[in-house]
Amino acid sequence: MKQLTKAEEQIMQALWQQGPMFLREILDLLPVPKPHQNTVATILKILVEKTFVTVNVFGRQHQYVPAVSKEDYSKKTMKQIVKGYFEGSFSNVVSFMVKENNLSIEELEALLQQIKQQQQSKK
């Protein structure tokens, strides 16, 4: 799966949030300053080529539908980040988050509890 640019990801976030939409609807959801309609249309064309989006045609109108779920893209992206910056180790990620004070002891304990519950439900 290819990486999304910041602009592509912004449009995908709108599609993931709302589901199938027409160009004008996507444009309305984008933050100010809004890109030009032609710019959004070009980015949508690229997303179709990258197979992140499919198109339903209604006469002259095109409805854009996410072809990749946010969950699938998040998993792939997270794995690439871990591989590229943390030697492929998720424990290194957690350690980094603790060192940077982005993860408290309480949050860490809650994560540990969640892991234990998931392992018990697999048995």
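For the structure given in this document, a descriptive report is provided here. Here, residues in each chain are numbered from 1, in the same order as that chain's written sequence. Predicted model: local features are reported for residues with pLDDT of at least 70 only, side-chain atom pairs are reported and counted for 80 or more only, and whole-chain, interface and lining totals are derived from all residues. Note: side-chain values were computed over all heavy atoms of the structure, leaving out hydrogens and water.

Brief notes about the packing of aromatic side chains
Stacked, edge-to-face and tilted labels apply to pairs of Phe, Tyr and Trp rings (six-membered ring for Trp) whose centres lie within 6.5 Å, assigned for plane angles under 30 degrees, over 60, and everything in between, in that order. Per the counting criterion, the structure on display carries four aromatic pairs. Plain terms: the ring middles of Trp-16 and Tyr-73 are 5.9 Å apart, the flat faces sit at 35° to each other, and that makes the pair tilted. Of this pair, Trp-16 sits in helix α1 (residues 6-18) while Tyr-73 sits in helix α4 (residues 70-85); the two residues are 57 residues apart in sequence, bridging distant segments of the chain. The two residues Trp-16 and Tyr-73 agree in class, both being buried. Buried residues are those whose accessible area, probed at 1.4 Å on protein chains only, stays under 20% of the maximum for their type, while exposed residues exceed 50% and partly exposed ones sit between those limits. Here Tyr-73 falls in the buried class, since its relative accessible area comes to 5%. An aromatic cluster of at least three residues, connected via ring pairs, comprises Trp-16, Phe-52 and Tyr-73. The helix and strand labels rest on DSSP assignments: H or I over at least four residues marks a helix, E over at least two residues marks a strand, and numbering proceeds from the N terminus.

As for the environment of Pro-66
Position of Pro-66 among the secondary structure elements: in strand β3 (residues 61-66). When its relative accessible area of 24% is taken as the criterion, Pro-66 is described as partly exposed. We call two residues in contact whenever any of their non-hydrogen atoms come within 4.5 Å of each other. Setting aside its immediate chain neighbours within four residues, Pro-66 contacts Met-12, Leu-15, Trp-16, Gly-19, Pro-20 and Phe-52.

Remarks on the side chain of Gln-63
Within the fold, Gln-63 resides in strand β3. Not counting residues within four places of it along the chain, the set of residues in contact with Gln-63 comprises Pro-20, Met-21, Phe-22, Thr-54, Val-55, Asn-56 and Phe-58.

Observations concerning the packing of α1 against helix α3 (residues 37-49)
Under this scheme, a helix contributes an axis fitted over its contacting stretch, all axes are lines through C-alpha atoms, and angles between N-to-C directions fall in the 0 to 180 degree range. Viewed as axis vectors pointing N to C, α1 and α3 meet at an angle of 85°, and their least axial separation amounts to 10 Å. In terms of their interaxial angle, α1 and α3 are classed as roughly perpendicular. Packed against α1, whose contacting residues are Ala-7, Glu-8, Ile-11, Met-12 and Leu-15, the element α3 presents Val-40, Ile-43, Leu-44, Ile-46 and Leu-47 at the interface. Partitioned by chemical class, the residues of the contact of α1 with α3 number nine nonpolar, no polar and one charged. Orientation labels follow simple angle bins: below 35 degrees gives roughly parallel, above 145 gives roughly antiparallel, 65 to 115 gives roughly perpendicular, and whatever is left gives oblique. Residues are grouped as follows: Ala, Val, Leu, Ile, Met, Phe, Trp, Tyr, Cys and Pro are nonpolar; Asp, Glu, Lys and Arg are charged; all remaining types, including Gly, are polar.

Things to note about a nonpolar patch on the surface
Together, Met-78, Ile-81, Tyr-85 and Phe-90 line one region of the surface with nonpolar side chains, adding up to about 430 Å² of accessible area. Looking at the nonpolar patch element by element, the count peaks at three residues for α4. Structurally, Phe-90 can be placed in helix α5 (residues 90-99). The exposure class assigned to Phe-90 is partly exposed, which follows from its relative accessible area of 45%. Only residues whose relative accessible area exceeds 30% and that form no salt bridge enter a patch; like-charged residues are grouped when within 9 Å of one another, and nonpolar side chains (Val, Leu, Ile, Met, Phe, Trp, Tyr) when within 5 Å. Only the protein chains shown count as cover for residues, with accessible areas throughout obtained via the Shrake-Rupley method and a probe of 1.4 Å. We count a salt bridge whenever a side-chain nitrogen from Lys or Arg sits within 4 Å of a carboxyl oxygen from Asp or Glu.

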